[in-house]
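Residue strings, one per chain:
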Amino acid sequence: MMKIRTFLFPIGTLWSTIAIFPRAFRGYFTRILLLSVLGFFTGLIEGIGITILIPLFTFFDNSERQPTDFISRTIEHFFAFLHIPFTLPAVLLLIIFLFLLKFAVVMLYSYIAVRIRTGYERNTMDQLLKNTLRADWPYLLKQKLGRLETLIKIDSRESGRMLEAISTTLTIGATTAAYFLVAMNISQTVTAVALVFGAISFILYKPLFSLARSLSQQTSGMNVAIAHHINKSIVGIKTIKALGAEDQLVVLGEGLFGTLRKLQLRSILLGKVVAESMQPIGIIFITAIIAFTFYKTSYNLGALAALIYLINRIFQYIQQIQGAIHNISSTLPYVENITSYLEEARTAKESRHTNEEGSFEFNKALAFKSVHFSYTGQKEALHSVSFSAAKGEMIGFVGPSGAGKTTIFDLILRFLKPDSGEISVDGKNIYSINIGDWRRNISYVSQDVFILNDTVLNNIKFFDESVTEKDARGAAKMAQIYDFIEALPDGFDTIVGEQGNLLSAGQRQRIALARALARKPKVLLLDEATSALDNESEQRIQEAIEGLKGEMTILVIAHRISTVLNADRLFVVSDGRIIEQGKPRELLKDKETYFHRVYNLRK
């Protein structure tokens, strides 16, 4: 039994499909079952319509032996039961009615099938985007640039093809079963031989299905590599052009595109071989049937015509099943990619609910107490870090690259969770506070500014409907960017280009700072946020930040010493530890301090 199943459907593809179906296509089983029922009904209607050819021939040759098969006799009894004369017009009208009924069922089937596939593709795209955006930061850090784009643009479409192929396989299988029942009604011997012949064809095609799956796995991997290469090239285009590396990137791209073309060519040709080779095989078999029955003088001509038509249709459906199985084999890697990605992303979903769900209240201090943290598989990034920032204070963080400064900010933003120790606000663990409420009260500006290809106003509001235009204008003034915006052709309605490429680096950072200030946060985190500013703009922003002291707590990571020189307190971070702390000007007086050495080096 196992060997027969292996022959009829490649065993690797069979078990992989069975295993992936409930994970990837949850909720679609009932709809696919409905399609299969419609397919069986369609085949039965057409089969009965063709079988009517048998009694139909009796009207043209009165000497023809009367049909004895079950369906033909049932049709005659049906006419007699309705007291309708069994005449040629009546039989022709019945044939027309059956094929019109088949047309209606096929259209219903097509409508349902299209809705299932397009609905699945849309739902998959929604799930991919939603689960990615809601995943936690450690998971997102591990993702390759361009992977999500490939999953949404390519893998979801290919996965829809697999769902369609599964539906097609089951539906055509049901339709073929209906044809077999009708054909068996006419001749059990010929139909049984056709069944064996069809099974043998599956055996011969088995290696092709395995090859199709292998080609698809390679194609899927190549699509990811190409998306990564393209995204990397666009993101780094300025550096690439500045270093004259365009030709090298073009050569790499040509190599990737060439490999993808070869894989696609082989896959398409393989699909054509599978799809088209069944027709001549079917013709050979039908020719054999005609030769076999030619010498049987008692054979009903109508029965022979109906049987040949049915067997031909059966082979056409076998051909379609072969193609559908080929599609299942070739699209399976894409479904596995999407399913595994969604399961990983759901597992890594950022927790947005806590046991207490407390609201954000900040009246005293934000504090770290003996906080330890390490990234997966890496050495400890923070070791026993303890400090506090009182409400309204401005705190500066300095230290060498990789010392752990940004990790401290990521912990405050709750992108990460400490391995041990506690982070609290007013003595309450920050993980007991609703994360949405937490982040609404904390604004973050990074060195790597993210700008939408939209208006200046929408970049400042950034999907936050609670931010009014008045808020945006006030924030722009605090960020020392208001006069520049007003001087633009369309003012706050000016489109700034992709990633703000129509603005200077300093202008982009000031818009990002205005975005943070527009939310009127209780805590403002500035991670090298003034690094791209000229001295005059930096001085203005420093003045604006100092004007905010007392209204909000400001934590600043700075490369420029001047940025934190007027901070209330300064923490020097090195190798994951706070090695110095105090007022900046007091630390400068001690020639042994890190801050003093760095300050004098950068003067």
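Up top you'll find the structure we're talking about.
1. Describing the side chain of Gln-507
Then comes step 1: Examined against the element boundaries, Gln-507 turns out to sit in helix H19 (residues 505-518).
Then comes step 2: By relative accessible area, Gln-507 is classed as buried at 16%.
Then comes step 3: When sequence neighbours within four positions are dropped, the list of residues in contact with Gln-507 reads Ile-481 and Phe-484.

2. Observations regarding the nonpolar core
Then comes step 1: Formed by 46 residues in total, the largest nonpolar core has its most connected members in Val-456, Ile-460, Phe-492, Leu-526, Ile-554 and Phe-595.
Then comes step 2: Ranked by residue count, the leading element in this core is H19, at seven residues.
Then comes step 3: Those residues in contact with Phe-492 that sit more than four places away from it in its chain are Thr-455, Val-456, Leu-457, Ile-460, Ala-472, Arg-473, Ala-476, Tyr-482, Ile-485 and Glu-486.
Then comes step 4: By size, the runner-up hydrophobic cluster in this structure holds 33 residues, among which are Ala-403, Phe-409, Ile-412 and Ile-423.

3. Overview of the sheet that holds strand S9 (residues 569-574)
Then comes step 1: With mixed pairing, six strands are arranged side by side in an open sheet as S6-S7-S8-S3-S9-S10. Single-partner strands in this sheet number two, and they are strand S6 (442-445) and strand S10 (577-582). Adjacent strand axes in the sheet meet at a mean angle of 15 degrees when their direction is disregarded.
Then comes step 2: Sitting on the sheet, H19 touches S6 and strand S7 (523-527), and the angle it makes with S6 is about 175 degrees.

4. A closer look at helix H17 (residues 469-478)
Then comes step 1: Those residues of H17 that fall on the buried side of the exposure criterion are Asp-471, Ala-472, Ala-475 and Ala-476. Along the long axis of H17, the arc covered by the buried residues comes to 135 degrees, so they all point the same way.
Then comes step 2: Considering only its buried residues, H17 is in contact with helix H16 (456-461), helix H18 (482-487) and H19.
Then comes step 3: Gln-480 lies just past H17 and shows a positive phi near 60 degrees.

5. Brief notes about the side chain of Glu-350
Then comes step 1: Tracing the sequence through the fold places Glu-350 in the loop between helix H13 (301-347) and strand S1 (365-374).
Then comes step 2: In this structure, Glu-350 is in contact with Arg-134, Ala-135, Asp-136, Arg-414, Ile-435 and Arg-439, ignoring residues within four places of it in sequence.

6. Digging into the environment of Asp-575
Then comes step 1: Following the sequence through the fold, Asp-575 ends up in the loop between S9 and S10.
Then comes step 2: Sequence separation of Asp-575 and Gly-399 is 176 residues, and the distance between their C-alpha atoms is 8.9 Å.
Then comes step 3: The contact partners of Asp-575, leaving out residues within four places of it in the chain, are Lys-379 and Ala-403.

7. Focus: the packing of aromatic side chains
Then comes step 1: Under the defined criterion, the tally for this structure stands at 16 aromatic pairs.
Then comes step 2: Plain terms: the ring middles of Phe-21 and Phe-25 are 5.5 Å apart, the flat faces sit at 55 degrees to each other, and that makes the pair tilted.
Then comes step 3: Owing to a relative accessible area of 15%, Phe-21 belongs among the buried residues under this scheme.
Then comes step 4: On the numbers, 5.7 Å between centres and 80 degrees between planes, the contact of Tyr-28 with Tyr-120 is edge-to-face. Of this pair, Tyr-28 sits in the loop between helix H2 (11-24) and helix H3 (29-51) while Tyr-120 is found in helix H6 (residues 88-133), placing the two residues 92 residues apart along the sequence.
Then comes step 5: Looking at Tyr-28, the relative accessible area reads 8%, which means it is buried.
Then comes step 6: The class for Tyr-120 is buried, based on a relative accessible area of 3%.
Then comes step 7: Among the aromatic residues, those joined into a cluster by ring pairs are Phe-368, Phe-387, Phe-397, Phe-409 and Phe-571.
Then comes step 8: Residue placement shows Arg-31 over the ring face of Tyr-28; its charged tip is 4.4 Å from the ring centre.
Then comes step 9: Its guanidinium or amino end placed over the ring of Tyr-431, Lys-417 lies 5.0 Å from that ring's centre, counting from NZ or CZ.

8. A look at the environment of Thr-563
Then comes step 1: Position of Thr-563 relative to the elements: it lies in helix H21 (residues 561-564).
Then comes step 2: The exposure class of Thr-563 is buried, given its relative accessible area of 7%.
Then comes step 3: Separated by 21 residues in the primary sequence, Thr-563 and Gln-542 have C-alpha atoms spaced 6.8 Å apart.

9. Overview of the pairing of S1
Then comes step 1: Taken together, the seven bridges between S1 and strand S2 (residues 380-390) define a ladder with antiparallel strand orientation. Across the sheet, the residue bridging to Ser-374 is Glu-380, located in S2.
Then comes step 2: Examined bridge by bridge, S1 and strand S4 (residues 420-425) share five bridges and lie antiparallel to one another. Bridging from a neighbouring strand, Lys-369 pairs with Glu-422 of S4.

10. Description of a nonpolar patch on the surface
Then comes step 1: On the surface, Phe-29, Leu-33 and Val-37 cluster together to form a nonpolar patch covering roughly 310 Å² of accessible area.
Then comes step 2: Of note, Leu-33 is situated in helix H3.

11. Things to note about unusual backbone geometry
Then comes step 1: Although it is not a glycine, Arg-414 sits at a positive phi angle of roughly 65 degrees.
Then comes step 2: If you trace the backbone, Arg-414 turns up in the loop between helix H14 (405-412) and S4.
Then comes step 3: Despite not being glycine, Gln-480 has its phi angle at roughly 60 degrees, a positive value.
Then comes step 4: Position of Gln-480 among the secondary structure elements: in the loop between H17 and H18.

12. Some thoughts on the pattern of salt bridges
Then comes step 1: Taken as a whole, this structure holds 13 salt bridges when the rule is applied.
Then comes step 2: For the salt bridge of Glu-158 with Arg-161, the shortest nitrogen-to-oxygen distance reads 2.6 Å. Within this pair, Glu-158 and its partner Arg-161 are both found in helix H8 (residues 147-186), separated by three residues, close to a single helical turn.
Then comes step 3: For Arg-161, a relative accessible area of 27% translates into the label partly exposed.
Then comes step 4: For the salt bridge of Glu-469 with Arg-473, the shortest nitrogen-to-oxygen distance reads 3.1 Å. Here Glu-469 and its partner Arg-473 are both found in helix H17, four residues apart, which amounts to about one turn of the helix.
Then comes step 5: Judged by relative accessible area, Glu-469 falls into the partly exposed class, the value being 39%.

13. Quick look at H14
Then comes step 1: Among the eight residues of H14, seven are classified as buried, and the element is accordingly described as predominantly covered.
Then comes step 2: Listed as buried for H14 are Lys-405, Thr-407, Ile-408, Phe-409, Asp-410, Leu-411 and Ile-412.
Then comes step 3: Positioned one or two residues after H14, Arg-414 has a phi angle of 65 degrees, which is positive.

14. Description of the sheet that holds S2
Then comes step 1: Across the sheet, which stays open at both edges, the four strands sit in the order S2-S1-S4-S5 with antiparallel pairing between neighbours. The outermost strands of the open sheet, each flanked by one partner alone, are S2 and strand S5 (428-429).
Then comes step 2: Relative to S5, S4 runs antiparallel, the two sharing two bridges. Note that in S5 the partner of Ser-424 across the bridge is Asn-429.
Then comes step 3: Its contacts with the sheet put H14 on S1, S2 and S4, and the angle it makes with S1 is roughly 115 degrees.

Calculation notes
Residues numbered from 1 in each chain as written. Predicted model: local features only at pLDDT ≥ 70, side-chain atom pairs only at ≥ 80, totals over all residues. Heavy atoms only, no water. Helix = DSSP H or I, 4+ residues; strand = E, 2+ residues; numbered from the N terminus. Buried < 20%, exposed > 50% of the residue type's maximum accessible area, 1.4 Å probe, protein only. Contact = heavy atoms within 4.5 Å. Core = buried A, V, L, I, M, F, W, Y, C linked by side-chain atoms within 4.5 Å. Pairing = 2+ DSSP bridges. Axes fitted to C-alpha atoms, helices over the stretch in contact; angles between N-to-C directions. Arc of directions from axis to C-beta. Phe/Tyr/Trp six-rings, centres within 6.5 Å; stacked < 30°, edge-to-face > 60°. Lys NZ or Arg CZ within 6 Å of the ring centre and 35° of its normal. Patch = residues over 30% accessible without salt bridge, like charges linked within 9 Å, V, L, I, M, F, W, Y side chains within 5 Å. Areas by Shrake-Rupley, 256 points an atom, 1.4 Å probe, with all protein chains shown as cover. Salt bridge = Lys/Arg side-chain N within 4 Å of Asp/Glu carboxyl O.

What is shown is where atoms sit, not what they do.
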